[in-house]
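# Topology and contacts: notes
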Amino acid sequence: MQSRVIITCAVTGNQTTPEMTPHLPITPVQIAEASLGAAEAGAAAVHIHVRDPQSGRPSMEIGHYREAVERIRAKNKQLIINLTTGPGGRFVPSPDDPKVAAPGTTLMRPEDRVTHIAQLKPDIATLDLNTMNSGKQVVINTPENVRRMAAVINGAGVKPEIELFDSGDIALCRDLVADGTLKGPLLCSVVMGVKYGFQPSPETVLYARSLLPPGTAWTAFGTGRSCFPMVAQSYLAGGHVRVGLEDAIFLEKGVLAESNAAMVAKARRIVEALGGEIATAQQAREMLSLPVSP
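Residues numbered from 1 in each chain as written. Predicted model: local features only at pLDDT ≥ 70, side-chain atom pairs only at ≥ 80, totals over all residues. Heavy atoms only, no water.

## Focus on the overall build of the protein chain
Scanning the protein chain for helices and strands turns up ten helices and 15 strands. A compact globule built from 294 residues would reach a C-alpha radius of gyration of about 19 Å, and the protein chain, at 18 Å, matches this within 12%. Each principal axis of the C-alpha atoms in the protein chain carries an extent, and together these give about 55 × 45 × 40 Å. Within the span of the protein chain, comprising 294 residues, buried residues form 53% of the whole. When contacts within the protein chain are restricted to residue pairs at least 6 apart in sequence, long-range pairs at least 24 apart make up 70% of them. Entry remark: accessible area of the protein chain is about 12,900 Å², with carbon and sulfur atoms responsible for 53%. Positive and negative side-chain charges of the protein chain, numbering 28 and 28 respectively, have mean locations separated by a distance of 1 Å. (Helix = DSSP H or I, 4+ residues; strand = E, 2+ residues; numbered from the N terminus. Rg over C-alpha atoms; globule rule 2.2 N^0.38 Å. Buried < 20%, exposed > 50% of the residue type's maximum accessible area, 1.4 Å probe, protein only. Contact = heavy atoms within 4.5 Å. Areas by Shrake-Rupley, 256 points an atom, 1.4 Å probe, with all protein chains shown as cover. Lys, Arg positive; Asp, Glu negative; His and termini not counted. Charge placed at Lys NZ, Arg CZ, Asp CG, Glu CD.)

Okay, here's the thing in C-alpha cells:
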C-alpha cells in the first residue's frame, strides 16, 4: 500500500446532469469553488471538465477553462489541476447510413481536443485510450489520434494521465511507451463501472494492476454505486483514489452528496480508517515529479 495516498476529486464531468443532482457545479465560478472546497477536505488534485453556464451541457470553451483555472490559482497555487481532453471523441452513426455522423457526434481533430492544454498548461491532462461502446454511441480514440494528442500534451510540458477503460487500453499504453509516445514513470487511472468497460471488483483492480508498466503511479476508481467500495479496493491494492460528482452523486444509499468536498471527506475517512495517510498537494507534487509552486 502507498505510504501516502493522493485523493483526486473529479468535480463535474460530462455525464452527470443538473437533473440528476442540484449540487453539480456548472459555471466556472462554481467549478473553482468546488475544487477549492475539495482541496480543503483533503484532495491533492482536481480533475476538471467545464460546462456551458446557461445550458449546463458539456463545453470545450477555452474561456471557461481559463476562468476556472485562474480562480483556483488565485487562492491555491499548490492544488494539482488536471484538465480533461476526453470530449471530442464521440460518434453517433446515422440509422440509414452508419458512416455518416448523426446529431450527438462530437468527433473533432485531435489537436482541437487539446488546444486548452497547450494554452493553459495545467499540471496534468487526461489522455483517454478507449475506443468502446458508450450507451448507444461509440467513443473513438485511434492509436494515431492518441499519438497526435500526446504530442501536444508533451510539447506543453504537461504530464499526461492515461485513462484506461479495459485491458486492451493497457496493451495500447504499453505500445505507446515502447515507441516513445509516452515517457515513464507513467500516471494511469483504471476506470471501472462504465457499462461496456472494466467492471468494478477486487479481481479487476488486481488484474489491471498486473498489466501496468513497471513504476506506474495509478488510481482505480468506480462510478455510481461502486465509487466508495473502489476507494478501499484501490488503496488496499497499492493505488491512489478518486471520487467526485463526475463519478457518482450519492454519499450513501438514497442520500445525495451535497458537495464534492463531502465526497472527498468520506474517501479520506475510508483511507484513514484502513491505516492510510492522505498526501498534501505539495507531497503529491513530489510523488508525481510535478513542479512545486512557491
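## Things to note about unusual backbone geometry
If a residue is not glycine, its phi is most likely negative; likewise, a peptide bond is most likely trans. Here the residue pair G184 and P185 is connected by a cis peptide bond, since its omega of -5° sits within 30 degrees of zero. One can find P185 in the loop between α6 (167-178) and β11 (187-192). Not every positive phi belongs to a glycine, and S289 is a case in point at roughly 60°. Position of S289 among the secondary structure elements: in the segment after α10 (281-287). Here S289 falls in the exposed class, since its relative accessible area comes to 63%.

## Structural notes on the environment of R209
Within the secondary structure, R209 sits in helix α7 (residues 202-211). On a C-alpha basis, the gap between R209 and Q137 in space is 28 Å, while along the polypeptide they are 72 residues apart. If sequence neighbours within four positions are ignored, R209 has contacts with W218 and A237. In terms of polar contacts, R209 uses its side chain to reach the backbone carbonyl oxygen of A237, at 2.8 Å. (Polar contact = N/O pair within 3.5 Å; in protein donor to acceptor, adjacent residues only side chain to side chain.)

## Looking at the sheet that holds strand β8 (residues 132-134)
Pairing is antiparallel across the open sheet formed by three strands, whose spatial order is β6-β9-β8. Edge strands, defined here as strands with exactly one partner in the open sheet, are β6 (90-91) and β8. Examined bridge by bridge, β8 and strand β9 (residues 137-139) share three bridges and lie antiparallel to one another. What sits directly across from S134, in β9, is Q137. (Pairing = 2+ DSSP bridges.)

## Details of helix α5 (residues 143-155)
Compared with the 18 Å implied by 1.5 Å per residue over 13 residues, the 18 Å span of α5 between its first and last C-alpha is a close match. In the segment just after α5, G157 is the residue with positive phi, at about 75°. (Expected span 1.5 Å × (residues − 1).)

## Overview of empty space enclosed by the protein
Summed over the entire model, instances satisfying the criterion amount to one cavity of 30 Å³ or more. Estimates place the volume of the largest cavity at around 110 Å³. Per-element tally for the lining of the largest cavity: the top contributor is β11, with three residues. Looking at the lining of the largest cavity residue by residue, the class counts come to six nonpolar, five polar and one charged. (1 Å grid on protein atoms, 1.4 Å probe; cavity = no way out; pocket = protein on both sides within 12 Å on 5 of 7 lines; lining within 4 Å. Points joined across faces, edges and corners; volume = space filled by probe spheres on them. Nonpolar A, V, L, I, M, F, W, Y, C, P; charged D, E, K, R; others polar.)

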